[in-house]
Amino acid sequence: MADAALSFAIERLGDLLISEAKFLYGVEGQVEEAQSKLRRMRSFLKDADAFVRRGMDADNRVCLWVAEISEFALALEDVVETFVLEVESRRKRGVKNILKRFACIWNEGIELHKVGSEIDLIFTRFSAMNSDFQAMGITKLPESKGESSSSNYQLQRQLRRAYSHVAEKDIIGLDEDMEKLAAALTKQANPHRVISICGMGGLGKTTLARKVYHHPQVNGHFDRFAWASISQQCEKRVVWEEILIKLTPSPTKEKREEIKLMGDDEVAKELCKVQKDNKCLILLDDIWTVDAWKLLEAAFPVQEETDSRIILTTRHRDVGLSADKNCLLHQPQLLNENESWELFEKKSSFRKQGTNLKNNEEMKKLGEEMLKHCEGLPLAIIVLCGLLSTKCTIEEWDKLRENVKEYINKGKLVHVEQEYHSVSSILSLSYDELPYHLKPCFLHLAHSPEDHEMKVSLLCHTWIAEGFISLDQQTQSSMDDDVAYHYLTELLDRNMIQVGRLGPTGRIKSCHIHDLMRDMSLFKARDGKFLQFFDLRRRDVVLPRNKVRRLAIYTDRAFDDLLPFINGRDGSLRSLIYFQSWGTEPSEKVLKLFFNHFKFLRVLRLEAFGSDIDRSWKLPKEIGKLVHLRLFSIRGSRVEKIPSSIGNLRCLETLDLRSEDVEIPNVIWRLEQLRRLYLPTGGAYYTFSKDRFRLPNVKNSLQTLCNVRTEHVNVNDFLQLTNLKKLLLVVGEDSGRIYQNCTGVKFTCVRSLSLLEDSLLADAEDIIPVISCYPEIYELKVHMAIIRLPEEHQFSHKLERLSLTRTLLEDDPMRTIEKLPNLRALHFGDYSFVGNEMVCSKGGFPLLESLSFDGLVLEEWRIEDGALTSLCYLRIRDCHFLRKLPDGLRNVTTLKEVKIEYCKPKLTKRLEEGGEDFYKVQHVPSLVIT
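What this report covers is the structure whose coordinates are included nearby.

Cut-offs applied
Residues numbered from 1 in each chain as written. Predicted model: local features only at pLDDT ≥ 70, side-chain atom pairs only at ≥ 80, totals over all residues. Heavy atoms only, no water. Helix = DSSP H or I, 4+ residues; strand = E, 2+ residues; numbered from the N terminus. Contact = heavy atoms within 4.5 Å. Areas by Shrake-Rupley, 256 points an atom, 1.4 Å probe, with all protein chains shown as cover. Patch = residues over 30% accessible without salt bridge, like charges linked within 9 Å, V, L, I, M, F, W, Y side chains within 5 Å. Salt bridge = Lys/Arg side-chain N within 4 Å of Asp/Glu carboxyl O. Buried < 20%, exposed > 50% of the residue type's maximum accessible area, 1.4 Å probe, protein only. Pairing = 2+ DSSP bridges. Lys, Arg positive; Asp, Glu negative; His and termini not counted. Charge placed at Lys NZ, Arg CZ, Asp CG, Glu CD. Core = buried A, V, L, I, M, F, W, Y, C linked by side-chain atoms within 4.5 Å. Axes fitted to C-alpha atoms, helices over the stretch in contact; angles between N-to-C directions. Disulfide = S-S within 2.5 Å. Parallel < 35°, antiparallel > 145°, perpendicular 65-115°, else oblique. Left-handed = near helix turned anticlockwise from the far one by under 90°. Phe/Tyr/Trp six-rings, centres within 6.5 Å; stacked < 30°, edge-to-face > 60°. Nonpolar A, V, L, I, M, F, W, Y, C, P; charged D, E, K, R; others polar.

1. Focus: the overall build of the protein chain
When you go through the protein chain residue by residue, the secondary structure sums to 31 helices and 31 strands. When contacts within the protein chain are restricted to residue pairs at least 6 apart in sequence, long-range pairs at least 24 apart make up 65% of them. Of the accessible surface of the protein chain, which amounts to about 41100 Å², a share of 48% is contributed by carbon and sulfur atoms.

What follows is the structure, encoded as structure tokens:
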């Protein structure tokens, strides 16, 4: 398969040729020709990707050619970057003697000639390969209708085709979902004309849809029914005809012929009419894309008043929303341990062997151990049971257990009228459907170990440093953070990753990936030579000997174990993500060798995880040789001192120094392309080697500055950071010096402002002068004691997200905050309000969607009629003095979810079904009480 990694290598090379053209004078013509050929290569790869997916006879040859193209692209990248590195290092050393300077220029000319010759050689090889390809008769790669029927890809889709009459006997964990959706479909005043059941592959979407479709309550409500499975190549006419015939009572042969003779417009109009005149339930199973829905939508009157309803099953949440903005989105959950075991018992041969009790207990232990690898995914459990169906002894079960994950991914299962070749082949369909720009982002997720929660900001910044984020030439580079976050949400919408932790204002802070989805990602990443992951905490794992471009290592060993990997390498490594644990620390000696050898690194993350990192280590000065580095992170590590040579990293864009007890040289001002700077967090101790923190040269590039302390700030430098988008200011000693000098200065680019004070007992500060300096912020976090809230007009009129913690406010803050016209998310953290009563007034909070209370001493909360008219999500946590929820909550009809966590039993009992306050929340679709 022509992997996205190959296309990315080519695009990266095109960017390199453009950005480093200043060093390539003398080969301008070759550069232009190379760019042209690279564009043709990229087009070829996209066509080859579609070609191989169709399962043509020549797919092995195409895969081989694609692999060769990748090698050509990587070789060309190495040639150009090697030349640039050598020329720049000469120029930086400086040559005063005119004869030596002439010799330097002469050597550059020789090197330049070598570059031109190697470019010619590489493209000569590519041209020969392309000629061979055409000689085989493969002159047109784009997919055609006639060929698609033979596709392995299409075969997988056809094998997954579901049928409305096939009943699934063993349904586990879906009863509550089934009753909820049946009630939603048959409710008299039902605002949802479309119900979208969405989720990752193998979750049981079609099974749930089938149970709802056959539910007695649903069967008694609707008078006509139709089920259609949608293929990838969605032929709207075929689907329309199929549904219209099914909605026609006892269709005769003549009626079928009449429908077939109709024009497309006539079929669509007739289908709309039938749905308007009758109570029809239509199930469209397995719609993959918004475009597939748009092809079909003309025949479905979802925007008109009708008693008919549509159920969609899809892996992409946007499909349902494109059909109907008011659609009911429902995502089945993964099975818990008990549900997984119940399904396993029903589907497997366990307890059916006539074995004795002791053997049953042994097999149960083995079964439970193997089930852990299924992670609650119903499809994986069914595949596991299929693999065990022919194995009757403890020895056979134990042998399967040794490599259970590989068997689940690759095992074959025939079940009912559906054949699943393997779990990975089903999950791979989601990958195949990804647009090209998302494929490298998804493959990069393979760097994360099992069950690891990934920080979204670091993930996005790594994608940017790698060059995965595509920006139009007209688009400002300052938008790449937003584009990267958008890429992440696209993967979430496609249910390929899951949300981990949300911030208090609703932004996604962390995410994770299902282990089986991760395995599929890792397989494709390794197969395409995109990335390799090694968990050296397993003693049987050895580092690779082949060429590696990206490497992720998680280890509890010493860094010295990298020595065999470094020796004999060609230095082509571009990315290293190295996580250490259990008190290990990198060896300075090995780090020196590493930095001297891998000079093309773009991403270097020497991070620590766990709580056992108790020894500090030194970062050698050779770090300054990595002049191509875009992202450098020592987050969580114990580095004693950052060497001043870090000032040589001319390409560095993200610098994450969230370590402890570290001395930082005052050379960061030399990093002219630095855009994101994270200093040590919270109470971590850090110092600057000289005077105050200086940033004169990065005033135009720096966009994110986090954890900078007021006592470290050079005021003149700080006032020139007019392009900052995000600022986290730790308010400490001498803060008044900053406030006074900020008077009259406007930071109009800042969108996110956080003010943090370490000590809860610190004197209260007046933040109004600071707030007035940032008139365009969308997000404000205040984690410090303040004298009072600003007045309504003193807040940014664009403010959408507000978080207050430790503010120690005594007066009801709602009176001011509810007037903010664009506020959408509001969080009250510990000690933010120390009063007893809050009131949300009529007309207050017109756009607020998310509201959370955490650790307040609040006793009474009142909501007047007409307040909180847009509220969707409410969370109340650790509010032990709150006696009851406000009566006005029953009038907030927009609520979708209410979470009550760790509050007094007296409050939670009132909200349970049958409790005296249940009427206040009975209209809420999701009520979670912990």
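2. Concerning a nonpolar patch on the surface
There is a patch of nonpolar side chains on the surface, built from Leu-808, Tyr-831, Val-834, Val-857 and Phe-881 and spanning about 420 Å² of accessible area. Here Val-857 lies in the loop between β27 (850–854) and β28 (860–863). Since its relative accessible area comes to 32%, Val-857 is described here as partly exposed.

3. Let's talk about the sheet that holds strand β10 (residues 510–512)
One open sheet accounts for three strands, arranged β8-β10-β9; its pairing is antiparallel. Edge strands, defined here as strands with exactly one partner in the open sheet, are β8 (454–455) and β9 (498–499). Pairing analysis gives two bridges linking β9 to β10, with the strands arranged antiparallel. Among the inter-strand pairings, Val-499 is bridged to a residue of β10, identified as Cys-511.

4. Remarks on a positive patch on the surface
Together, Lys-592, Lys-599, Lys-621 and Lys-625 make up a region of like positive charge exposed at the surface. Mapped onto the elements, Lys-625 comes out in the loop between β14 (603–608) and β15 (631–633). The class of Lys-625 is partly exposed, set by a relative accessible area of 39%.

5. Description of the nonpolar core
In this structure, Leu-604, Phe-632, Phe-853 and Trp-861 are the most contacted members of the largest nonpolar core, which totals 108 residues. Sorting elements by how many residues they give to this core places helix α26 (residues 588–597) first, with four residues. Beyond its immediate sequence surroundings of up to four residues, Trp-861 is in contact with Met-838, Cys-840, Leu-851, Phe-853, Leu-868, Leu-874, Ile-876, Leu-882 and Pro-886. Trp-397, Phe-468, Tyr-487 and Tyr-554 belong to the second-largest nonpolar core, a separate cluster that totals 67 residues.

6. Here we look at the sheet that holds strand β2 (residues 224–229)
Taken together, five strands build an open sheet; the order of strands is β2-β3-β4-β1-β5 and the sheet is parallel. The open sheet is flanked by β2 and β5 (328–330), the only strands paired with a single partner. Averaged over neighbouring strand pairs, the angle between their axes works out to 15 degrees when direction is ignored. Alignment of strand β3 (residues 280–285) against strand β4 (residues 309–314), held across four bridges, turns out to be parallel.

7. Quick look at the state of the cysteines
With the rule as written, the count across this model stands at zero disulfides. Here Cys-460 stays unpaired: no disulfide links it, and the sulfur of Cys-511, its closest cysteine neighbor, is 8.2 Å away.

8. Side note on the pattern of salt bridges
What the rule picks out here adds up to 29 salt bridges. Here Arg-877 ties to Glu-901 by a salt bridge, and the two come within 3.0 Å at their closest N and O atoms. In this pair, Arg-877 sits in strand β29 (residues 873–877) while Glu-901 sits in strand β30 (residues 897–901), placing the two residues 24 residues apart along the sequence. By relative accessible area, which is 25% here, Arg-877 ends up partly exposed. Within the structure, one salt-bridge network assembled from shared partners comprises Asp-854, Arg-875, Arg-877, Asp-878 and Glu-901.

9. Some details on the packing of helix α22 (residues 456–466) against helix α23 (residues 480–493)
Between α22 and α23, whose axes approach to 9 Å, the crossing angle comes to 110 degrees. As judged from the angle between their axes, α22 and α23 are roughly perpendicular. Here the hand of the crossing between α22 and α23 comes out right-handed. Here α22 contributes Val-456, Leu-459, Cys-460, His-461, Trp-463 and Ile-464 to the contact with α23, which in turn contributes Asp-480, Asp-481, Ala-484, Tyr-485, Tyr-487, Leu-488 and Leu-491.

10. Notes on the packing of aromatic side chains
Inspection of the entire model under this criterion finds 16 aromatic pairs. Both rings, one in Phe-222 and one in Phe-225, keep their centres 6.4 Å apart while their planes meet at 75 degrees; by these two values the pair is edge-to-face. A relative accessible area of 22% means that Phe-225 is categorised as partly exposed. A ring pair is formed by Phe-533 and Tyr-554, whose centres lie 5.6 Å apart and whose planes are at 45 degrees; its orientation type is tilted.

11. Section: the pairing of strand β21 (residues 726–730)
A large share of β21 lies buried, amounting to four of its five residues. The pairing of strand β20 (residues 704–709) with β21 spans five bridges and is parallel. Note that in β21 the partner of Val-708 across the bridge is Leu-729. Bridge count between β21 and strand β22 (residues 752–756): five bridges; the pairing is parallel.

12. Notes on the pairing of strand β12 (residues 550–555)
Counting buried residues in β12 gives six out of six residues, a clear majority hidden from the surface. Going residue by residue along β12, you find Arg-550, Ala-552 and Tyr-554 tucked away on one face and Leu-551, Ile-553 and Thr-555 tucked away on the opposite face as well. Examined bridge by bridge, β12 and strand β13 (residues 575–580) share six bridges and lie parallel to one another. Across the sheet, residue Tyr-554 finds its bridge partner in β13, namely Phe-579.

13. Overview of a negative patch on the surface
A grouping of Glu-337, Glu-361, Glu-362 and Glu-368 is seen on the molecular surface, where their side chains present a negatively charged patch. Per-element accounting of the negative patch gives the leading share, three residues, to helix α16 (residues 357–371). Mapped onto the elements of the fold, Glu-368 is located in helix α16.

14. A closer look at unusual backbone geometry
A positive phi angle, close to 70 degrees, is found at Asn-707, a residue other than glycine. Its relative accessible area of 5% is what places Asn-707 among the buried residues. One non-glycine residue, Asp-878, adopts positive backbone phi at about 55 degrees. Structurally, Asp-878 is set in the loop between β29 and β30. Judged by relative accessible area, which is 26%, Asp-878 ranks as partly exposed.

15. Quick word on the environment of Pro-216
Structurally, Pro-216 is set in helix α9 (residues 216–221). We classify Pro-216 as exposed; its relative accessible area is 65%. Sequence spacing of Pro-216 and Ala-182 is 34 residues, and the spatial spacing of their C-alpha atoms is 9.0 Å.

16. Describing helix α8 (residues 205–213)
In terms of residue burial, α8 counts as a mostly covered element, since seven of its nine residues are buried. Restricting attention to buried positions, one finds in α8 the residues Lys-205, Thr-207, Leu-208, Ala-209, Arg-210, Val-212 and Tyr-213.

17. Points about the side chain of His-221
Along the chain, His-221 turns up in helix α9. For His-221, a relative accessible area of 18% puts it in the buried group. Other than its neighbours up to four places away in sequence, His-221 contacts Leu-185, Thr-186 and Lys-279.

18. Overview of the side chain of Lys-920
Structurally, Lys-920 is set in the loop between α31 (905–911) and β31 (926–929). Those residues in contact with Lys-920 that lie beyond four places of it in its chain are Lys-884, Leu-885, Pro-886, Asp-887, Leu-889 and Arg-890.

19. Quick notes on the packing of helix α7 (residues 175–186) against α8
Running from N to C, α7 and α8 point in directions that differ by 50 degrees, and their axes come no closer than 9 Å. The angle between α7 and α8 falls in the class oblique. In the crossing of α7 with α8, the sense of the turn from one axis to the other is right-handed. Residues Asp-177, Met-178, Leu-181, Ala-182 and Leu-185 of α7 touch α8, and the partners they reach there are Leu-208, Lys-211 and Val-212. Considering only residue class, the contact of α7 with α8 consists of six nonpolar, no polar and two charged.

20. Brief notes about the environment of Lys-439
In this structure, Lys-439 sits in helix α21 (residues 439–444). Look at Lys-439 and you get buried, because its relative accessible area is 1%. A sequence separation of 29 residues divides Lys-439 from Phe-468, and the C-alpha atoms of the two residues are 9.2 Å apart.

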